[in-house]
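A look at the structure
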Amino acid sequence: MDRAQKEKVVEELGQIFESSGVVVVARYEGMTVAQMQDLRAAMREAGGSVRVAKNRLAKIALEGKPCASIGQLLTGMTVLVYSEDPVAAAKVADAYAKKNDKFVILGGAMDGTALDQAGVKAVAAMPSREELIASIAGCIGAPASNIAGAIGAPASNIAGILSTLEEREAA
């Protein structure tokens, strides 16, 4: 790789560290190509990406970034798993680490805050953006349906009473 290519990689990695909601650093030593492709497919499905880069270039890209402290995790065969959704990459990485013992989560960063292994697992346990939106929509919709039911109830009660009175008069 010549200097221009290295500068381009450093710039791309810098963008990843700045724009991603979460970046997970993991060790992938001993994984097969098929296993790595499974990880990439799972991340793509979740809206994230997987990037293998030279540790030295990643450390250079981290310089001056709020999450620069994760540079100490970049030793050996490491992979960066990242997504814009602050939870997606952590969820996929955690689930994949449970399936594959050769994929070991070392730590990561979320919005400029460095995370250790436990921090990544805690982020993975959080609900995703879509799950939060669905629960909020459900909370907003529930009172509206209760109000509609409460408004409609007196009318149905009156209709029931009137039909009962009509039946009595007819009998």
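Further up the page is the structure itself.
The sections below set out a description of the structure shown in this document.

Scoring rules and cut-offs
Residues numbered from 1 in each chain as written. Predicted model: local features only at pLDDT ≥ 70, side-chain atom pairs only at ≥ 80, totals over all residues. Heavy atoms only, no water. Pairing = 2+ DSSP bridges. Helix = DSSP H or I, 4+ residues; strand = E, 2+ residues; numbered from the N terminus. Axes fitted to C-alpha atoms, helices over the stretch in contact; angles between N-to-C directions. Contact = heavy atoms within 4.5 Å. Core = buried A, V, L, I, M, F, W, Y, C linked by side-chain atoms within 4.5 Å. Buried < 20%, exposed > 50% of the residue type's maximum accessible area, 1.4 Å probe, protein only. Salt bridge = Lys/Arg side-chain N within 4 Å of Asp/Glu carboxyl O. Parallel < 35°, antiparallel > 145°, perpendicular 65-115°, else oblique. Nonpolar A, V, L, I, M, F, W, Y, C, P; charged D, E, K, R; others polar. Patch = residues over 30% accessible without salt bridge, like charges linked within 9 Å, V, L, I, M, F, W, Y side chains within 5 Å. Areas by Shrake-Rupley, 256 points an atom, 1.4 Å probe, with all protein chains shown as cover.

The next point concerns the sheet that holds strand β5 (residues 113–115). Backbone-to-backbone hydrogen bonds join strands into a sheet, with any given pair of strands oriented parallel or antiparallel. Taken together, five strands build an open sheet; the order of strands is β2-β3-β1-β4-β5 and the sheet is antiparallel. Both edges of this open sheet fall to β2 (48–51) and β5, since each of them pairs with a single strand only. Taken over all neighbouring pairs, the strand axes of this sheet differ in orientation by 20 degrees on average, direction set aside. Along the sheet, helix α5 (residues 117–125) contacts β1 (22–27), β4 (104–110) and β5; its crossing angle with β4, the most-contacted strand, is approximately 70 degrees.

This brings us to the nonpolar core. Val 24, Leu 39, Met 43, Val 79, Val 81, Phe 103 and Ile 105 are the most contacted members of the largest nonpolar core, which totals 24 residues. When contributions to this core are tallied by element, the ones reaching two or more residues are β1, α2 (33–46), β3 (78–83), α4 (88–99), β4 and α5. The element contributing the most residues to this core is α4, with six residues. In this structure, Phe 103 is in contact with Ala 26, Arg 27, Met 31, Leu 39, Val 79, Val 81, Ala 93, Tyr 96 and Ala 97, ignoring residues within four places of it in sequence.

What the rule picks out here adds up to five salt bridges. Between Arg 3 and Glu 7 there is a salt bridge, with the nearest N and O atoms lying 3.4 Å from each other. In this pair, Arg 3 and Glu 7 both sit in helix α1 (residues 3–19), four residues apart, roughly one turn of the helix. Judged by relative accessible area, which is 66%, Arg 3 ranks as exposed. Across the pair Asp 94 and Lys 98 runs a salt bridge, and its minimum N-O distance is 3.5 Å. Taken together, the positions of Asp 94 and Lys 98, both in helix α4 and four residues apart, correspond to about one turn of that helix. Of the residues examined, Asp 94 reaches a relative accessible area of 9% and is grouped as buried. The structure contains a network of salt bridges with shared partners spanning Asp 94, Lys 98 and Lys 121.

Attention now goes to the packing of α4 against α5. Axis separation between α4 and α5 bottoms out at 8 Å; the angle between their running directions is 110 degrees. The angle between the axes of α4 and α5 places the two elements in the roughly perpendicular class. Of the residues in α5, those in contact with Ala 90, Lys 91 and Asp 94 of α4 are Val 120, Lys 121, Val 123 and Ala 124. Residue classes in the contact of α4 with α5 are distributed as four nonpolar, no polar and three charged.

Moving on, we get to a nonpolar patch on the surface. A cluster of nonpolar side chains, Ile 158, Ile 161, Leu 162 and Leu 165, forms an exposed patch at the surface whose accessible area comes to about 380 Å². You can see Leu 165 is positioned in helix α6 (residues 129–170).

This paragraph deals with the environment of Ser 128. Its location among the elements puts Ser 128 in the loop between α5 and α6. As a C-alpha pair, Ser 128 and Ala 88 span 40 residues in sequence and 6.6 Å in three-dimensional space. Every residue in contact with Ser 128, bar those within four places of it in the chain, is listed here: Asp 85, Val 87 and Lys 91.

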